[in-house]
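Notes for the structure review
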Amino acid sequence: AQSVTQLGSHVSVSEGALVLLRCNYSSSVPPYLFWYVQYPNQGLQLLLKYTTGATLVKGINGFEAEFKKSETSFHLTKPSAHMSDAAEYFCAVTDQPGNQFYFGTGTSLTVIP
Amino acid sequence: DVKVTQSSRYLVKRTGEKVFLECVQDMDHENMFWYRQDPGLGLRLIYFSYDVKMKEKGDIPEGYSVSREKKERFSLILESASTNQTSMYLCASSLLAGARNEQFFGPGTRLTVL
C-alpha cells in the first residue's frame, strides 16, 4: 500500500525566500511521484513528476524536487518565492502508470510581501 | 492540451435529492477518476474507471455511484444527497500507461447540500 505525508499544512515564506515543501511517501515498490498545485477555485495542475531516471526533477514556474530513496522523500523547492506562488500544493504517489494515485493532505503556501 | 470539463462550478441541492455531476475529457484517456476534496483531508478517491462500463470503488464510495457509458464521459451520482456530502468534487483523467501518466484535473464542482 502507498501513502503520502506532507509535513506542515501551512507554510509562510517571504517574497524572494526559499520555498521548501516536504513530502514523504510509503511504497512497497518503486514509486512514481508527483507534485500538483491548486490555485483558489481551480482544479489541480501538474508541477512536476518523477518516474524513472534522474532523481532531480525540474518543473514549471521554477520548482524542482529531488527523489531520495533512502529517505523516502520527494521535497519540493524553489529558490525564490513569488507572490504568484501562493496556492495549495499536493504531493501524490502511485506504483505504476494508470493506477490509483494517493494524495497527501496538502500544504497551503503563503507568500509575504 | 488536455481538457477536462465539469458540468457545473457551483451547485446547491437539498437533502434527499438525486444529484448528477458530469465530467468530460477530450483526449481519449482510458482512466477517469472522481475525488472529493475537504480541508485537512486532501483528495480522497471515490470511484474510478479503466474503461467504458467498468468501475472500481475507491476509498470512500459509500453514498455514491458512477456511470461510464462513453469513453469521454464519467458521471458521479449521489442517490440521496446528504449534508455530509457538501464538498468540492474533482474529476480527473489519465492514460492507462505510458510516459504521460499524470492525472489531468477538471476545475471542480463545489456542491452544497442544504
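See the structure printed just above.
Here is a short report on the structure shown in this document. (Residues numbered from 1 in each chain as written. Chains lettered and ligands numbered in written order. Predicted model: local features only at pLDDT ≥ 70, side-chain atom pairs only at ≥ 80, totals over all residues. Heavy atoms only, no water.)

1. Concerning the packing of aromatic side chains
- Evaluation of the coordinates by the stated rule reveals 15 aromatic pairs over all chains.
- An aromatic cluster of at least three residues, connected via ring pairs, comprises Phe34, Tyr36, Phe101 and Phe103 of chain A together with Phe33, Tyr35, Phe48, Tyr50 and Phe105 of chain B. (Phe/Tyr/Trp six-rings, centres within 6.5 Å; stacked < 30°, edge-to-face > 60°.)

2. Focus on the pattern of salt bridges
All names here are of chain B.
- According to the stated counting rule, one finds 8 salt bridges over all chains in the structure shown.
- A salt bridge links Asp38 to Arg36; its shortest N-O distance comes to 2.8 Å.
- The exposure class of Asp38 is buried, given its relative accessible area of 12%.
- Given a relative accessible area of 8%, Arg36 falls into the buried group. (Salt bridge = Lys/Arg side-chain N within 4 Å of Asp/Glu carboxyl O. Buried < 20%, exposed > 50% of the residue type's maximum accessible area, 1.4 Å probe, protein only.)

3. Digging into the state of the cysteines
Residue and element names in this part refer to chain A.
- By the definition in use, this model includes 2 disulfides over all chains.
- The disulfide partner of Cys23 is Cys91, and the S-S distance across this bridge is 1.9 Å. Between Cys23 and Cys91, the disulfide has an S-S torsion of -65° and is therefore left-handed. Linking Cys23 in the loop between β3 (19-21) and β4 (24-26) with Cys91 in strand β10 (residues 87-94), this pair joins segments that are 68 residues apart in sequence.
- Exposure remark for Cys23: the relative accessible area of 0% places this residue in the buried category. (Disulfide = S-S within 2.5 Å. Helix = DSSP H or I, 4+ residues; strand = E, 2+ residues; numbered from the N terminus.)

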